[in-house]
Amino acid sequence: MNYGLFDEIERTDIGPMLHNETHYAYLNRSARPEAKRIRSLLEDWFSRYPKKNQNCLLKKFRDQDSAFFELYVHEILLKQGFTCEVDPKAPERSTHLDFLAFWQEKRFCYVEAKERSPEEYATHEKLCKEIIDGLNKIPSKYHLRVSCEGLLQKRPSLEGIKDRLKNRPPQGTRIPFEPKGGVRIFVTILQPKKTANMENVISAGFSAFGSTAEKTRGAIYEKAKKYGELGLPYLIAINVKDLIPGNDLYHHMANVLLGDLGVTINPKTGGSCNKRDLSDAVFLDPEGHPRNKGVSGVIALKDLTPWGIAQITPVLYHNPWAEHPFPQELWQLSQQIPNESNKVLDFEKKEGKSVSELWGLPQHWPEEGF
């Protein structure tokens, strides 16, 4: 029986990858030299994946491109001197994480590496619309704003929110609601309605989950509290896709983690200053207080595929308020360290090894071999 990632077959096809084809399917059939180099490297990575977990990864690898990302993150940790346990159980919950990394044979850090599929976002959007329809059926004298942190995958009960609205909370009240799965929903009481037959929900913060920023925030929010208190540093790896032209990874992640950066105009003086909108910041709540302190940092990449292994650098964005900080000296690649300059919280780059240097590959690999 073949326990490798790819089939042991004769390959003659040198054509391009199809639009509806997974990377695995193309690599498995392609006779191009570049595809052969990628297969060889991934087989090498797979040989270092724990034997007891190989069969599970192999099944996912054939159907989901996200399995490549799990294998990638596992190898990134190994290359930097860690050893890894796969599928460790969370200390306080029955759920399991992707990796528990060991440093010098001691339990050191939990790591999550998961890509989101289009189907999961479609499910989230559908459930969000159902929540809005449900809230619009509740008798209310006020307009409501609804927002969501995380991605809904199951229909939540609205009974808790209905009970709070029946008590007629004052204008400005922000009602939190936490269904299972690490998701949080917030209902904010806005201005009174002019007529009783008007819809309750006039602003839905989760209706924009089609945007890349909301997808990134949603993925981080969902993982931030899902596993309870871990007692160790905790990193979340994100493969950011579909950034709009002109929006680089650095500015994208700074806006996601610290709040959208904008310009505020003083109507009296006409002066302006840069200011971050904290309404959706991952590391800060709307009042500017630290939150998600259980997350030590976020490992972010832009559009990683097997073809970009030697060019796409995983950058570690540190959480300055983390309860268990991840030591900067243990991450050999580029890092972003929060720094307040010109009265605006931002990130400052700390250079590290190039990713091709870490892998020991030519910069233009796989087109260029050894």
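Residues numbered from 1 in each chain as written. Predicted model: local features only at pLDDT ≥ 70, side-chain atom pairs only at ≥ 80, totals over all residues. Heavy atoms only, no water.

What about helix α2 (residues 33–48)?
Because the α-helix completes a turn every 3.6 residues, residues three or four places apart line up on one side. Between its terminal C-alpha atoms α2 stretches 24 Å, which fits the 22 Å expected from 16 residues at 1.5 Å a residue. Taken as a whole, α2 has its buried residues at Glu-34, Ala-35, Ile-38, Arg-39, Leu-41, Leu-42, Trp-45 and Phe-46. (Helix = DSSP H or I, 4+ residues; strand = E, 2+ residues; numbered from the N terminus. Expected span 1.5 Å × (residues − 1). Buried < 20%, exposed > 50% of the residue type's maximum accessible area, 1.4 Å probe, protein only.)

Notes on empty space enclosed by the protein
Under the criterion given, the structure shown has three cavities of 30 Å³ or more. Estimates place the volume of the largest cavity at around 60 Å³. As for the largest cavity, its lining consists of His-23, Tyr-24, Leu-27, Leu-42, Phe-61, Gln-64, Asp-65, Phe-68 and Pro-306. In terms of residue count, helix α1 (residues 23–29) provides more of the lining of the largest cavity than any other element does, three residues in total. In the lining of the largest cavity, the residues fall into six nonpolar, two polar and one charged. (1 Å grid on protein atoms, 1.4 Å probe; cavity = no way out; pocket = protein on both sides within 12 Å on 5 of 7 lines; lining within 4 Å. Points joined across faces, edges and corners; volume = space filled by probe spheres on them. Nonpolar A, V, L, I, M, F, W, Y, C, P; charged D, E, K, R; others polar.)

With respect to the pattern of salt bridges
Taken as a whole and assessed by the stated rule, the structure comprises 11 salt bridges. With its nearest N and O atoms 2.9 Å apart, the salt bridge here joins Asp-44 to Arg-48. Within this pair, Asp-44 and its partner Arg-48 are both found in helix α2, separated by four residues, close to a single helical turn. Since its relative accessible area comes to 35%, Arg-48 is described here as partly exposed. Measuring nitrogen to oxygen at the nearest pair gives 2.6 Å for the salt bridge that ties Glu-75 to Arg-48. (Salt bridge = Lys/Arg side-chain N within 4 Å of Asp/Glu carboxyl O.)

Side note on the pairing of strand β5 (residues 174–177)
By the alternation rule, side chains of β5 split into Ile-175 and Phe-177, which are all buried, and Arg-174 and Pro-176, of which none is buried. Both β5 and strand β6 (residues 184–192) contribute to a ladder of four bridges, which runs antiparallel. If you follow Pro-176 over to β6, its bridge partner there is Phe-186. (Pairing = 2+ DSSP bridges.)

What about the nonpolar core?
The tendency in soluble globular proteins is for nonpolar side chains to be buried side by side. Counting residues in hydrophobic clusters, the biggest one holds 50 residues, and the most contacted among them are Leu-42, Trp-45, Phe-61, Tyr-72, Val-73, Ile-309 and Phe-326. Examining the composition of this core, we find that eight residues originate from one element, helix α4 (residues 66–79), more than from any other. In this view, Ile-309 contacts Leu-41, Leu-42, Trp-45, Phe-68, Leu-304, Val-355, Trp-359, Leu-361 and Trp-365; residues no more than four positions away in its chain are not counted. Grouped together as the second largest cluster of nonpolar side chains are 35 residues, Ala-219, Ile-236, Met-253 and Ala-254 included. (Core = buried A, V, L, I, M, F, W, Y, C linked by side-chain atoms within 4.5 Å. Contact = heavy atoms within 4.5 Å.)

Examining the pairing of strand β8 (residues 234–240)
Of all seven residues making up β8, seven are buried, and the element is well covered by its neighbours. Both faces of β8 are covered, namely the face carrying Tyr-234, Ile-236, Ile-238 and Val-240 and the face carrying Leu-235, Ala-237 and Asn-239. Pairing between strand β3 (residues 106–113) and β8: four bridges, direction parallel. Note on β8: the bridge partner recorded for Val-111 is Leu-235. Direction of pairing for β8 relative to strand β11 (residues 297–302): parallel, over a ladder of six bridges. In the sheet register, Val-240 faces β11, and the bridge partner there is Lys-302.

Some words on the packing of aromatic side chains
Under the counting rule described, the total for this entry stands at 15 aromatic pairs. Taken together, a centroid distance of 6.1 Å and an interplanar angle of 40 degrees make the contact between Tyr-26 and Trp-307 tilted. Taken together, the residues span a long stretch of sequence, with Tyr-26 in helix α1 and Trp-307 in the loop between β11 and β12 (315–318) at a distance of 281 residues. One aromatic cluster is present, formed by Trp-45, Phe-68, Phe-69, Tyr-72 and Trp-359 through successive ring pairs. Looking at Arg-174, its charged tip hangs above the ring of Phe-186, at a distance of 3.9 Å from the centre. (Phe/Tyr/Trp six-rings, centres within 6.5 Å; stacked < 30°, edge-to-face > 60°. Lys NZ or Arg CZ within 6 Å of the ring centre and 35° of its normal.)

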